[in-house]
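Results of the structural survey
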Amino acid sequence: MTRRGAALRRRSRPALRVRRHPALGIRSLSTLGALLLATALPFRPASGQHPPVTGFYAEGDWLTLADFRHVTALAAGDQDAYVGTTAGVGVLSGFGGGWSRTVTAGDGLPSPVVTALAFDAAGGRLWIGTAQGVAVYDPFRGEVVQDPPGLGTDAIRDLRSESSLSGSPPAGGSGHVFVRNSSGWYRVDTFSMRAELVSSGEVPPAEAGVDARSLPFLAGDVVRGERSGQRESFRVTGAVALADRSVVLGTWGAGVYVYDVARLSPEPAPFGLAGPGGGPIARDGRRLWFSSPAGALVPGTLPAASDVVDRPALARTGPDLRAWGYDYPGLEPALPSDRVYDIASSGERTLFATDAGLALYDAVAERWIRLSVLTGGPAEVLAVEGAADGFWLGTRAGLVALRTPADTTGTADSLKPAGRWLEGRTVTALASDGRELYAATDLGLYRLAPRAPGSVEWTLTQMETVGRTIRDVALAPDAVVAATDRGVEILPRGEGEPLRFLTGESQLDELPLAVAADLSNVWIATRAGVARWDRQRKLWNEYGLADGLPDLPVLHILVQDGRYVWFSTPGGATRFDVGDPPRAR
């Protein structure tokens, strides 16, 4: 499923529309824009908390929590400020109106990573440069036009508008916007949308904007604040003035601040999920956990600047997604890192496998415990799974059972190794229903089960798969779902024939990155989005950026209570309501 293909299969939504320029011959499409309001909040948040989160945006069956903290560009319109981030564009209304709309990949942006903004005052439209091309947003019509000049999907490095400098187009012309990508500068006629390559000498200078260094609360280009009881500084990435004389400041890692000239103080305008994205999502008996990935940054995301304080954290929230808490490695000595490979729960204990070792959260005591139960490198544990009396650990050197010995008091930190299997093999994922355990490895899929009911002896058997390397594994009541280097394989847990969807030889177009299963569906995460196989109706369904995903690729999947399915992407986490009837491919 390609990005372009996903845009053509999107559903109709009434408020925001996305279309291609008529010259490209693509039909118009529509989508629902999100409405969010944010009120002014104290500059110094309560100790132990991030700046408060005002909400999330929902579109039909999709509910997305995106991370708008990293501001990459700002532009001022007639009355509004446009805030470009690594998760899309937020529209901040002037005169204290708060956030009025978001423009994201789900609304038609070529990429959620915004790299440049320019407001065309003559046409009243916002030009949006992204990591995969340019788009134009018309705030009056609620319309997004993708790649209008036909410049392709190259990353946009800069945008400048003639009419934003003078307020009107040049005499005898229709006005121009200048777009820079890796090939150089292009001059685009804003009426015909024709683009021509020009020399840098023909490009107008960048607007001066607001000199943020002149504001009293800044030291150079850094805004001072306090988060979680510690003084922190955030680099200012841009500043624009609105018609009410307020100044909007964008930062890297701390979102947006609005400087009220009358009050002589900055106040944050929080928006979206003030936490990580792209890592595993997990659920224990009380809360949902969101994390950052332990692996390298996904291509297309923007790296953090070296001089920016952006303290990473694990985010947790209750079922209503309203009361958020954050756990920072720097403030919790027993939490070695926020970069997570996997998360699992057992009773009131939640275990985190991070790139710097194991950490256990005890919900009863509300404390973190550092576990040092294994020898080896800090990234040894790649997968964890809960058990009745402990955990299973998948490591780079095999499978380990971690249990609470019978002769201990059963405290959270009394877990000890109680068995080893698959020594010398890399265990990448685990799945268990309490009766048996399935281990995904670099050399096949294995089943570990008691030799007989009630037996303390376990039998390890290898399951027959076409793929050699198993990336992920999930359990349905009657089947095992394996993501392999060949595709997705659905293996019966009893009698029956396996069902295999091999990449390039079936309806599955992309290699799977993660899988999950509920009573009737198999969910497959790929670099292009999500594929859904309805096992009862024998139907395929595909979801991409145009359907509501905030970013690509999809890296992790979590099924919640059989009704919701969570997808973790670098740009945020999205929850899909399974109650929506599937659509045939």
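Residues numbered from 1 in each chain as written. Predicted model: local features only at pLDDT ≥ 70, side-chain atom pairs only at ≥ 80, totals over all residues. Heavy atoms only, no water.

A count of helical and extended segments in the chain gives 2 helices and 50 strands. Per-residue burial over the chain gives 57% buried out of 585 residues. If you take every contact in the chain between residues at least 6 apart in sequence, the share linking residues at least 24 apart comes to 50%. As presented, the chain carries roughly 23500 Å² of accessible surface, and 49% of it is formed by carbon and sulfur atoms. (Helix = DSSP H or I, 4+ residues; strand = E, 2+ residues; numbered from the N terminus. Buried < 20%, exposed > 50% of the residue type's maximum accessible area, 1.4 Å probe, protein only. Contact = heavy atoms within 4.5 Å. Areas by Shrake-Rupley, 256 points an atom, 1.4 Å probe, with all protein chains shown as cover.)

Burial runs high along strand β32 (residues 381–387): 6 of the 7 residues are buried. Alignment of β32 against strand β33 (residues 390–395), held across 6 bridges, turns out to be antiparallel. Each residue of the ladder has a partner; that of V381, found in β33, is T395. (Pairing = 2+ DSSP bridges.)

The subject of this paragraph is the packing of aromatic side chains. In the structure shown here, the tally under the stated rule is 18 aromatic pairs. Ring geometry for Y82 and F119: centres 5.8 Å apart, planes at 15°, overall stacked. Remark: F119 occurs in strand β9 (residues 114–120) and Y82 occurs in strand β6 (residues 81–85); sequence separation between them is 37 residues. The class of Y82 is buried, set by a relative accessible area of 2%. (Phe/Tyr/Trp six-rings, centres within 6.5 Å; stacked < 30°, edge-to-face > 60°.)

Looking now at the sheet that holds β6. The antiparallel open sheet is built from 4 strands, whose spatial order is β5-β6-β7-β8. Single-partner strands in this sheet number two, and they are β5 (71–76) and β8 (98–103). Taking the axes of each pair of neighbouring strands and ignoring which way they run, one obtains an average angle of 25° across the sheet. Bridge count for strand β7 (residues 88–93) against β8 is 5 bridges, and the pairing is antiparallel. The residue of β8 that forms the bridge with L92 is W99. (Axes fitted to C-alpha atoms, helices over the stretch in contact; angles between N-to-C directions.)

This part covers the confidence of the model for the chain. Considering every residue of the chain, the mean pLDDT works out to 78; 74% of them sit at 70 or more. Low pLDDT, under 50, characterises residues 297–309; the stretch is placed with 25 contacts to residues that sit more than four places away or in other chains. The model gives residues 580–585 a pLDDT under 50, and that stretch makes 19 contacts with residues more than four places away or in other chains. (pLDDT = per-residue confidence, 0-100.)

Grouped together as the largest cluster of nonpolar side chains are 17 residues, with contacts concentrated most on W523, V530, L549, V554, I557 and F567. Sorting the residues of this core by element identifies β44 (514–517), β45 (521–526) and β49 (564–569) as the ones contributing at least two each. Among the nonpolar cores identified, the runner-up in size contains 16 residues, and A474, A517, I524 and W540 belong to it. (Core = buried A, V, L, I, M, F, W, Y, C linked by side-chain atoms within 4.5 Å.)

Right, let's talk about the side chain of T130 for a bit. Within the secondary structure, T130 sits in strand β10 (residues 125–130). Here the side chain of T130 touches Q132 through a polar contact of 3.0 Å, landing on its backbone nitrogen. A polar contact is formed between the side chain of T130 and the backbone oxygen of G133, at a distance of 2.7 Å. Not counting chain neighbours up to four residues away, the residues in contact with T130 comprise P110, S111, V113, V114, T115, D154, A155 and I156. (Polar contact = N/O pair within 3.5 Å; in protein donor to acceptor, adjacent residues only side chain to side chain.)

It is worth spelling out the pairing of strand β50 (residues 572–577) at this point. Most of β50 is tucked away, with 6 of its 6 residues classed as buried. What you see with β50 is no split at all: G572, T574 and F576 on one side and A573, R575 and D577 on the other are buried throughout. Bridge count between strand β4 (residues 62–66) and β50: 5 bridges; the pairing is antiparallel. When the sheet's bridge partners are listed, W62 is paired in β50 with F576. Taken together, the 6 bridges between β49 and β50 define a ladder with antiparallel strand orientation. Residue pairing in the sheet places Y564 in a bridge with D577 of β50. Between β49 and β50, which pair antiparallel and follow one another directly, the connecting turn spans 2 residues.

Another point: unusual backbone geometry. Most peptide bonds are trans, and most residues other than glycine sit at a negative phi. Cis rather than trans, the peptide bond between L552 and P553 has omega equal to 0°. Of note in the backbone geometry, L422 takes a positive phi value of approximately 55° without being a glycine. With respect to the helices and strands, the residue L422 is situated in the loop between β35 (416–421) and β36 (427–432).

Let us look at the sheet that holds strand β40 (residues 470–476). The antiparallel open sheet is built from 4 strands, whose spatial order is β40-β41-β42-β43. A strand with exactly one partner marks an edge of an open sheet, and here the two such strands are β40 and β43 (499–502). Taking each pair of neighbouring strands and ignoring which way they run, the sheet shows an average axis angle of 15°. Bridge analysis of strand β42 (residues 487–492) against β43 gives 4 bridges, and the strand direction is antiparallel. Looking at β43, one finds that E489 is bridged to R500.

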